[in-house]
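Structural overview for review
Below, each chain spelled out in residue letters.
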Amino acid sequence: MDRIEIKGLKVFAYHGVLEQEKLEGQDFFIDATLYLDVKRAGVSDELDDTVNYAGVCELIDSFLKKNRFDLIEAAARQTAIAVLKSMPKIREISLTIHKPSAPIGLPFDDVTVTVNEKWNKAYLSIGSNMGDTQAYLNQAVDSIYDDDNCRVLQVSNFIQTKPYGPVEQEDFLNGCLEIETIYTPKELLSFVNRIEAEADRERTIHWGPRTLDIDIILYNEEVVFEPNLIIPHKEMYKRAFVLVPLAQIAPYAMNPVLHKCAQVLLDELDDAEKESAGVNKCAGCAGCAAAK
């Protein structure tokens, strides 16, 4: 990806743990590498086709002066995120804050913190089989849409599916979202869990009924294996209620463990599993929810 580099931007601000730093302030120096596609600007020679780096400098200066942080780690990450949110053409940023006047008490040249932030592609599976199921799914889409750390790119049709597991319960309504997000996988999990909680989701019976279920199916092409989070979702390859809506909006979304895309995984399902998802039956569309 193309990049624009800003080096040595001087900002006088009030960041630091010590009270003296908060009161007197000091000079900070910022380096930023902006990753974006500048090919169109290279042909058109138009500023609107790229990022105004003077505007980026003004944003960084304003953000660091308006906000105060104890740690330059926090200052760096929050500044990088502010740039991503404000400059849609920037896909990724590497930002370094230099603190040459840090109160160390020993000879030194500089202290720096570098962070990398970017918009990540993720796919979420959503489902409900209690109450007004379509309202719950639309509520989930709206909540994700309204969070400025996420961008909803596509929403599948909602399909009616048979429940999985030994618990007798109502049929589900399921769908899939394609999003971009600044959240890390753990942060995204916490975020979707909060949305579930707002829908009064209770985790009392394994494979039991629920007002709202949101699962992270894919996150970029990363593999995450932690106690409360496994990506790609370990059940995705054998569940039609995941693969049918996923293949509708992203047939070539790749499972990095199996090295197969969503459409291939769907094609490989047995007929009984496909039938459980009512492949040819649409129970409603959330397109309007994503295209406010």
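Everything in this summary refers to the structure shown in the same document. (Residues numbered from 1 in each chain as written. Predicted model: local features only at pLDDT ≥ 70, side-chain atom pairs only at ≥ 80, totals over all residues. Heavy atoms only, no water.)

**Observations regarding the overall build of the protein chain**
Scanning the protein chain for helices and strands turns up ten helices and 14 strands. The principal-axis extent of the C-alpha atoms belonging to the protein chain is close to 70 × 50 × 35 Å. Among the 292 residues that make up the protein chain, the fraction classed as buried is 48%. Of all intrachain contacts in the protein chain linking residues separated by at least 6 positions in sequence, the fraction that spans at least 24 positions is 66%. Total accessible area on the protein chain stands at roughly 15,200 Å², and carbon and sulfur atoms take up 50% of it. Each charge class in the protein chain was averaged separately, 30 positive and 47 negative side chains, and the resulting centres sit 1 Å apart. (Helix = DSSP H or I, 4+ residues; strand = E, 2+ residues; numbered from the N terminus. Buried < 20%, exposed > 50% of the residue type's maximum accessible area, 1.4 Å probe, protein only. Contact = heavy atoms within 4.5 Å. Areas by Shrake-Rupley, 256 points an atom, 1.4 Å probe, with all protein chains shown as cover. Lys, Arg positive; Asp, Glu negative; His and termini not counted. Charge placed at Lys NZ, Arg CZ, Asp CG, Glu CD.)

**Points about the packing of helix α5 (residues 133-146) against helix α6 (residues 185-198)**
Orientation of α5 relative to α6, taken along the N-to-C sense of each, is 135 degrees, at an axis distance of 10 Å. Taken as axis vectors, α5 and α6 run oblique relative to one another. Regarding α5 and α6, the two cross each other, and that crossing is right-handed. Of the residues in α6, those touching α5 at Q139, A140, S143 and I144 are F191, I195 and E198. When grouped by side-chain class, the residues that make up the contact of α5 with α6 number four nonpolar, two polar and one charged. (Axes fitted to C-alpha atoms, helices over the stretch in contact; angles between N-to-C directions. Parallel < 35°, antiparallel > 145°, perpendicular 65-115°, else oblique. Left-handed = near helix turned anticlockwise from the far one by under 90°. Nonpolar A, V, L, I, M, F, W, Y, C, P; charged D, E, K, R; others polar.)

**What to know about the sheet that holds strand β3 (residues 92-98)**
Read from one edge to the other, the open sheet built from four strands follows the order β1-β2-β3-β4, with strand pairing classed as antiparallel. Among the strands making up the open sheet, the edge pair consists of β1 (2-13) and β4 (112-118). When the angles between neighbouring strand axes are averaged without regard to direction, this sheet yields 15 degrees. When β3 meets β4, the two strands line up antiparallel, connected through seven bridges. Across the sheet, residue I97 finds its bridge partner in β4, namely V113. The sheet strands contacting helix α3 (residues 53-66) are β1, β2 (26-36) and β3, and the helix crosses β1 at an angle near 35 degrees. Its contacts with the sheet put helix α4 (residues 72-86) on β2, β3 and β4, and the angle it makes with β4 is roughly 30 degrees. (Pairing = 2+ DSSP bridges.)

**Notes on the pattern of salt bridges**
On inspection of all chains with the given rule, the structure shows 20 salt bridges. The partner of R91 in a salt bridge is E180, with the nearest N and O atoms 2.5 Å apart. With R91 in the loop between α4 and β3 and E180 in strand β8 (residues 172-181), this residue pair connects regions lying 89 residues apart in the sequence. A relative accessible area of 10% means that E180 is categorised as buried. Taking the shortest distance from any N to any O, the salt bridge between E226 and K186 comes out at 3.4 Å. One end of the pair, E226, is in strand β10 (residues 224-226); the other, K186, is in helix α6, and 40 residues separate them in sequence. Assessed through its relative accessible area of 31%, E226 is described here as partly exposed. Of the residues examined, K186 reaches a relative accessible area of 52% and is grouped as exposed. (Salt bridge = Lys/Arg side-chain N within 4 Å of Asp/Glu carboxyl O.)

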